[in-house]
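# Results of the structural survey
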Amino acid sequence: GNIITTFAATQQLKVMLGEISEGLAEDAEENENRRRLSDCVSTAQGFQLNCTKVSCEDQTRMCDGSFNYPYVASLKGAGCDTLDSDGDGIIDVCEDRFPPELVVRDAEIFRCDEDDTKKLCYNGKVFKSEKQVKNFLEYQYPATDDCSPTKDLQVQIEHTQGLCRDTVYTLTPMQNISACNNRAPTVAGIFTIPFENPLIGNSKEVTIQLDDEAPVIQCGFRPDNSSINKVDGKTLYHYLPRNGASSMGMSDARFFYNVTDNCEDSIHIEVAVKSNEVQDN
């Protein structure tokens, strides 16, 4: 009981400090659904023999007084309450069936749609590589769990759709306890309770800006006077004798360039002209 109470206080503190557990809303909804029992038997007057339904007054119990292990085993904190939560007669770390969650360190920077507060995106920078994206998201969205320490938690980050400004990554929290590999389902009376390792939590999608392809540049000098590019309203010239005269003058170099990119954002182009020749006049 104390562990669960302490965990609830910790989650409340996270919210007060600006850290938002993305699973809190789902937890509240799930708990509300559990309170709305339709197929139960009242035990207000006492337990009943040979009764196999859930008690309407206490969901942790069946109507015959035995524990409702599927319900108890799925509760937050059941994997670390020092009790036998799944009825196998053993108290161990492999009783944790409550999945990990994602916590966002700075929720405000991921709010980009006033009409859809669940949409997550980040427009603070354009990332130049997938490694940059994953390092950023891994820091901003750590996994948290009701029982497991950080060493048993990780966040799987995958590019799932989109490019450039609409690049979407899916983040999935995972709990992996090596001691629980190949754990068989627990049999407790009439119940068979499955166990999953790794234990997967609810995923979140985050839209970011990723441009990891350099622009394609084409440039050169045209053999004729057609379609000469201009830079800031001026064409580029080189020095040649003017009309066969001995003095040097400027002649059109017929320079051209073309720059394309995989993203639709505007491209800043700068053309620099350098020479090892001393300027004439």
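Use the structure listed above.
In this report, the structure presented in the accompanying data block is examined. What you see is a predicted model; the values in this text were computed from it and never measured. (Residues numbered from 1 in each chain as written. Predicted model: local features only at pLDDT ≥ 70, side-chain atom pairs only at ≥ 80, totals over all residues. Heavy atoms only, no water.)

Ranked by size, the top nonpolar core spans 20 residues in total, and within it F110, L137, Y141, Y169, L171, V206 and I208 carry the most contacts. Residue assignment for this core shows that the elements contributing at least two residues are β4 (101-104), β5 (120-127), α4 (130-140), β7 (153-161), β8 (164-175) and β12 (204-210). If you look at the next biggest cluster of nonpolar residues, it comprises seven residues, including V54, Y69, A73 and I193. (Core = buried A, V, L, I, M, F, W, Y, C linked by side-chain atoms within 4.5 Å. Buried < 20%, exposed > 50% of the residue type's maximum accessible area, 1.4 Å probe, protein only. Helix = DSSP H or I, 4+ residues; strand = E, 2+ residues; numbered from the N terminus.)

With that out of the way, let us pick up the state of the cysteines. According to the stated counting rule, one finds six disulfides in the structure shown. Shown here is the disulfide that connects C51 with C63, its sulfur atoms set 1.6 Å apart. A torsion of -100° about the S-S bond marks the disulfide between C51 and C63 as left-handed. Pair noted here: C51 is in the loop between β2 (40-41) and β3 (54-55) and C63 is in the loop between β3 and α3 (69-73), with a separation of 12 residues, a long-range link. With a relative accessible area of 10%, C51 lands in the buried category. Residue C94 pairs covalently with C180 via a disulfide, S to S 2.1 Å. Between C94 and C180, the S-S dihedral sits near -100°, and the bridge is therefore left-handed. Linking C94 in the loop between α3 and β4 with C180 in the loop between β8 and β9 (186-188), this pair joins segments that are 86 residues apart in sequence. (Disulfide = S-S within 2.5 Å.)

Moving on: the environment of Q175. Its location among the elements puts Q175 in strand β8. Using a relative accessible area of 0% as the deciding quantity, one classes Q175 as buried. Each C-alpha atom, one on Q175 and one on P149, is 9.3 Å from the other, the two residues being 26 residues apart in sequence. Look past the residues within four positions of Q175 in its chain and what remains in contact with it is D96, F98, P100, D145, S148, D152, L153, N197, P198 and L199. In terms of polar contacts, Q175 uses its side chain to reach the side chain of S148, at 2.8 Å. (Contact = heavy atoms within 4.5 Å. Polar contact = N/O pair within 3.5 Å; in protein donor to acceptor, adjacent residues only side chain to side chain.)

Turning to the environment of A184, a few remarks are in order. Along the chain, the position of A184 falls in the loop between β8 and β9. As a C-alpha pair, A184 and E196 span 12 residues in sequence and 9.1 Å in three-dimensional space.

On to the packing of aromatic side chains. Per the stated rule, a full pass over the model turns up seven aromatic pairs. Aromatic side chains F110 and Y122 sit 5.8 Å apart centroid to centroid with 45° between the ring planes, which places their arrangement in the tilted category. You can see F110 sitting in the loop between β4 and β5 and its partner Y122 sitting in strand β5, a full 12 residues away along the chain. For the pair F110 and Y122, a shared accessibility class is recorded, and that class is buried. Ring centres 4.6 Å apart and planes at 35° place the aromatic pair Y122 and F136 in the tilted group. Of this pair, Y122 sits in strand β5 while F136 sits in helix α4, and the two are 14 residues apart along the sequence. Like F136, Y122 is buried. Three or more aromatic residues link up through ring pairs in this structure, and these residues are F110, Y122, F127, F136 and Y141. Over the ring of Y139 we find R105, and its NZ or CZ is 4.5 Å from the ring centre. Positioned over the ring face of F195 is R183, at 5.9 Å from the centre of the ring. (Phe/Tyr/Trp six-rings, centres within 6.5 Å; stacked < 30°, edge-to-face > 60°. Lys NZ or Arg CZ within 6 Å of the ring centre and 35° of its normal.)

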